[in-house]
Amino acid sequence: MADSGAPDSSSHLTRAAPGAGGRLKHTLGLRDLIVYGLLFIAPMAPVGVFGSLDARSHGVVPLVYVVATIAMAFTAYSYMRMVRAVPRAGSVYSYASAGLGRGAGFVAGWMAMLDYLLIPAVGYLFSGIAMNQLVPAVDQWIWTAAAVVVTTGLNLSGVHRAAVVGFVVLAMEIVVLLVFVVAAVVVLAQDGPQRDWFSPFTGDRTFSAVAVLSAVSVAVLSFLGFDAIANFAEETVGGTARGAATVSRALLGCLLLAGVLFLLQTYLAALLTAEPSAHFAEHPATQGEAFYTSTESAVGGWLQTTIAVSKAIGAAFAALAGQAAAGRLLFAMARDRRLPKALSRVDPGSGVPRRTLLLTAVITACAAVWAARTADGLDRLVSVVNIGALTAFGLLHLSVIGYYGVRRLGGTPHPLRDWVLPLVGLGITVAVIVTAHHDAHLVGLAWLAAGLLVLALLYRRDGGPGPATGEPAAEADGADSR
């Protein structure tokens, strides 16, 4: 059987990597990791859901994102704890394997796979839709397929090169966001706000804590993607201990940066919006275009077009980051013989898992092109993309409890760090899963059932799940997260 738990040192990574083609190159720094995380999230992620959140929260979208950032901090904390103990590719798959056992690890990886394979498809589709609106003569499925080809080529060329290009695209998105901020401030200074200055935090109708929490359950989905940073733990400069510390800082930095950007843009958008939140609640069809409509009426059509172009390019590169993360997850599972061993090879020239990247590209391309050619493809695709990530988050929190609290691999358990905080994170995750769409529940259950069937076949092949063994790598390297 392949390795059966958390690595105890960097030498363990060598044993787990089959042949000369099983090692990933240490080429990524802190900036590169944050770039990948922000690319996956997208700096202007709230644009598409602003109207929906405004209707749900009674007009306090900025407050919703403050609460959502705090809620996601619990997930970031659990990632930071586990990446220092298990600094391996595969993210939550590796963490659950170490903290809960190889069976739970496979389930975590399997559920995360659903998220990582479908989120890039949604990004490619958004890019195709945006480009089709700008150039209607070319069908959106052609733009979608072109985005897949370009970003896959970059991922295959090497993780550092893809990160450099991604940094340029991210810089462009930040510039567009800054242009929006400056234009909005000028308009507000000249003409004043459409809503009261404090209404984005107090509401433009009766304040409701229940309404805020209902909107938070949707807003936290804007942050999905920052966790992809953990998949690059083996490609970070500095080796096991230093690399794990860099990934931890990148996770926290990415979450905080995204939270600040989301707060700023939604506050300004709320002040520019003439319609009350009740209008969006009564007319759901207007919710998707609320941000664009407010921008166009307050500032002008030129800014609306600029934002649309930025979203088209940004969505494709969000898919690039997602595809890269998915490739590392499949690589890690194949290296541990949870998937076909042929997928555990690393290209000696580029230093990337070429086979898993190509497999990921084919799957996401098929899903994205199908959705682009189907009338309700976007709705059907979006309805299921998040259930896998949320289930994996739940297992992540349980992994902290299992690794530190139950198995005591980090020494004497600390009640707050090893029990209370991950339990709060688990509770938040369960609450968001419960509020997910019914179709997402059905697809998630079907995917889980398929995973359990595969797991049963693996048990039969290997004669059992094997225990979660191994000493914490962080302690061996002197980088325990506490």
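Residues numbered from 1 in each chain as written. Predicted model: local features only at pLDDT ≥ 70, side-chain atom pairs only at ≥ 80, totals over all residues. Heavy atoms only, no water.

The next subject is the overall build of the chain. Along its length, the chain carries 20 helices and 0 strands. Sorting the 482 residues of the chain into buried and exposed places 57% on the buried side. Contacts spanning at least 24 positions in sequence make up 83% of the contacts within the chain whose residues lie at least 6 apart. (Helix = DSSP H or I, 4+ residues; strand = E, 2+ residues; numbered from the N terminus. Buried < 20%, exposed > 50% of the residue type's maximum accessible area, 1.4 Å probe, protein only. Contact = heavy atoms within 4.5 Å.)

For the rest of this paragraph, the subject is the packing of aromatic side chains. The full count for this structure, using the stated rule, is 13 aromatic pairs. A ring pair is formed by Y79 and F226, whose centres lie 6.4 Å apart and whose planes are at 75°; its orientation type is edge-to-face. Taken together, the positions of Y79 in helix α4 (residues 61-85) and F226 in the loop between α10 (209-219) and α11 (239-272) put the pair 147 residues apart, joining distant regions of the chain. Of the two residues examined, Y79 and F226, each falls in the buried class. The interplanar angle of 20° and the centroid separation of 4.6 Å between the aromatic rings of W110 and W447 together place this pair among those described as stacked. With W110 in helix α6 (residues 102-134) and W447 in helix α19 (residues 438-462), this pair connects stretches of sequence that are 337 residues apart. Accessibility expressed as a relative area gives 11% for W110, which makes it buried. We classify W447 as partly exposed; its relative accessible area is 23%. Between R31 and the ring centre of F167, over which it is positioned, the NZ or CZ distance is 4.2 Å. Taking the ring centre of W141 as reference, the NZ or CZ of R373 above it sits at 5.2 Å. (Phe/Tyr/Trp six-rings, centres within 6.5 Å; stacked < 30°, edge-to-face > 60°. Lys NZ or Arg CZ within 6 Å of the ring centre and 35° of its normal.)

What follows is about a nonpolar patch on the surface. Judged by side-chain polarity, V406, L416, W419, V420, L423 and V424 come together as a nonpolar surface patch covering roughly 500 Å² of accessible area. Ranked by the residues each element gives to the nonpolar patch, the list is headed by helix α18 (residues 415-434), at 5 residues. Along the polypeptide, L416 turns up in helix α18. According to the relative accessible area criterion, L416 is partly exposed, its value standing at 44%. (Patch = residues over 30% accessible without salt bridge, like charges linked within 9 Å, V, L, I, M, F, W, Y side chains within 5 Å. Areas by Shrake-Rupley, 256 points an atom, 1.4 Å probe, with all protein chains shown as cover. Salt bridge = Lys/Arg side-chain N within 4 Å of Asp/Glu carboxyl O.)

Okay, the pattern of salt bridges next. Between side chains of opposite charge, a pair can form as their charged atoms come close. For the structure on display, the rule yields 11 salt bridges. In this structure, D32 engages R31 in a salt bridge whose closest nitrogen and oxygen atoms are separated by 3.8 Å. Take R31: its relative accessible area is 44%, and that puts it in the partly exposed class. Where D336 meets R88, a salt bridge forms, and the shortest distance between an N and an O atom there is 3.5 Å. One end of the pair, D336, is in the loop between α14 (301-335) and α15 (354-372); the other, R88, is in the loop between α4 and α5 (92-100), with 248 residues separating them in the sequence. Across this residue pair, the class does not change: D336 and R88 are buried.

Next up on the list: the confidence of the model for the chain. Detailed conclusions should not be drawn from predicted coordinates in areas where pLDDT is low. On average, the chain scores 85 in pLDDT, and the residues at 70 or more come to 90%. By mean pLDDT, the top-scoring element of the chain is helix α9 (residues 199-202) (96), and the lowest-scoring one is helix α1 (residues 10-16) (34). The low-confidence segment residues 1-21, where pLDDT is below 50, has 65 contacts with residues more than four positions distant or belonging to other chains. Low pLDDT, under 50, characterises residues 469-482; the predicted model gives this stretch 52 contacts beyond four residues in sequence or across chains. (pLDDT = per-residue confidence, 0-100.)

Mapped onto the secondary structure, Q265 falls in helix α11. On the accessibility criterion, Q265 (0% relative accessible area) is buried. Polar contacts involving the side chain of Q265 include one to the main-chain carbonyl oxygen of P43, which spans 2.8 Å. Setting aside its immediate chain neighbours within four residues, Q265 contacts P43, M44, P46, V47, L177, F180 and F291. (Polar contact = N/O pair within 3.5 Å; in protein donor to acceptor, adjacent residues only side chain to side chain.)

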